[in-house]
Amino acid sequence: MKKKTKIIKKILSFHLYVGLGISLLLIHLSITGIFLNHTDDLDLNKTYISSEWILNLYGLNVPKPSKIFTLQQDNISQFDAEVFLNNKPIFLFDSELVGVIKYRENFIIAAQDELFIVNQSGELIDKQKILSFTIKSIGKYKEKIIIKDEQLNKWVGESISDKWAPILKDNIGWSKPGMMTPLNKKDIKQYFVGNGISLEQIILDFHSGAIFKKEGKLFFDLVSLLLIFLSVSGIWIWLIKMKKKKKI
């Protein structure tokens, strides 16, 4: 009898702590449930969250640019294999870019073995393979295109399909890395992740635990098992107390 009483006391103690924990969870479920019942009234499906930690939870990441070149108000940037003019994707290219210059109202974009001409609208006008040397940098001197190779030799041409001739000039305006403008940065983020995640979806996933992926689902499975235990053990304890009352 004493042994049975000790077991009941332990179960009651376990009931207390588990019940307190589950009560907090039930409050969470009730609050999120109320919000979900009023999705349309609160415009939860029209409100978007795009903070970094929320995007990371959903596996939505803006890739970091491998290259950024700034020409006055214009950005030429490269994200993985995708090349952008400001906020507009213009072409795909697997190798890294090495520089950009503004030339006759167009942009000349240089890679290690290829040159691209892009107009101000982001349209690819022409491209040219360079087989005679590897391009290290691109610049401009008196409306002429200057290329530097791996041996730091300089070559000059008037078009990307021109025959390149050696040049010994020093005061050349070389292409340099730049910074992404805030507006382009915002627009490119939207290009990769859209408006973000709707508040309705976030609350729904918090409600179900799905926002924490597999771990969240396992946690809610554990909570469900604990609720079953509390229910069954509660009925068992209640039956024992009822028996005691009848004996009295």
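What counts and how
Residues numbered from 1 in each chain as written. Predicted model: local features only at pLDDT ≥ 70, side-chain atom pairs only at ≥ 80, totals over all residues. Heavy atoms only, no water. 1 Å grid on protein atoms, 1.4 Å probe; cavity = no way out; pocket = protein on both sides within 12 Å on 5 of 7 lines; lining within 4 Å. Points joined across faces, edges and corners; volume = space filled by probe spheres on them. Helix = DSSP H or I, 4+ residues; strand = E, 2+ residues; numbered from the N terminus. Nonpolar A, V, L, I, M, F, W, Y, C, P; charged D, E, K, R; others polar. Pairing = 2+ DSSP bridges. Buried < 20%, exposed > 50% of the residue type's maximum accessible area, 1.4 Å probe, protein only. Arc of directions from axis to C-beta. Phe/Tyr/Trp six-rings, centres within 6.5 Å; stacked < 30°, edge-to-face > 60°. Lys NZ or Arg CZ within 6 Å of the ring centre and 35° of its normal.

Colleague: I'm lost on the layout of surface pockets in this one. Help?
Modeller: To find leftover empty space, one rolls a probe the size of a water molecule over the atoms. A volume near 340 Å³ is recorded for the largest pocket. For the largest pocket, the lining is made up of 13 residues, of which Val 62, Pro 63, Pro 65, Phe 79 and Lys 185 are closest to its centre. Ranked by the residues each element gives to the lining of the largest pocket, the list is headed by helix α4 (residues 182-193), at four residues. Considered class by class, the residues forming the lining of the largest pocket number eight nonpolar, no polar and five charged.

Colleague: For this particular structure, what's the right way to read the sheet that holds strand β11 (residues 144-149)?
Modeller: By definition, the strands of a sheet pair up through backbone hydrogen bonds, in either a parallel or an antiparallel sense. Read from one edge to the other, the open sheet built from five strands follows the order β13-β12-β11-β10-β14, with strand pairing classed as antiparallel. In this open sheet, the two edge strands, each paired with only one partner strand, are β13 (165-166) and β14 (173-174). Bridge count between strand β12 (residues 154-157) and β13: two bridges; the pairing is antiparallel. Within the sheet, the bridge partner assigned to Trp 155 lies in β13 and is Pro 166.

Colleague: Please explain helix α5 (residues 199-208) as it appears in this structure.
Modeller: Structural remark: α-helix, 3.6 residues per turn; residues separated by three or four positions point the same way. The set of residues buried in α5 consists of Ile 202, Ile 203 and Asp 205. Axial view of α5: buried residues confined to an arc of 165 degrees, hence all on one face. Gly 209 occupies a position one or two residues after α5 and carries a positive phi of about 85 degrees.

Colleague: Explanation requested: the packing of aromatic side chains in the structure shown.
Modeller: For any pair of aromatic rings, the description rests on two quantities: the centre-to-centre distance and the angle between the ring planes. In this structure the tally under the stated criterion is eight aromatic pairs. Aromatic side chains Phe 79 and Phe 192 sit 5.6 Å apart centroid to centroid with 45 degrees between the ring planes, which places their arrangement in the tilted category. One end of the pair, Phe 79, is in strand β3 (residues 74-79); the other, Phe 192, is in helix α4, with 113 residues separating them in the sequence. Its relative accessible area of 26% is what places Phe 192 among the partly exposed residues. For the pair Phe 84 and Phe 192, a centre-to-centre distance of 5.9 Å together with 55 degrees between the ring planes defines the contact as tilted. Taken together, the residues span a long stretch of sequence, with Phe 84 in strand β4 (residues 82-85) and Phe 192 in helix α4 at a distance of 108 residues. Joined through ring pairs, the aromatic side chains of Phe 79, Phe 84, Tyr 191 and Phe 192 make up one cluster. Sitting over the face of the ring of Trp 174, Lys 148 holds its NZ or CZ atom 4.5 Å from the ring centroid.

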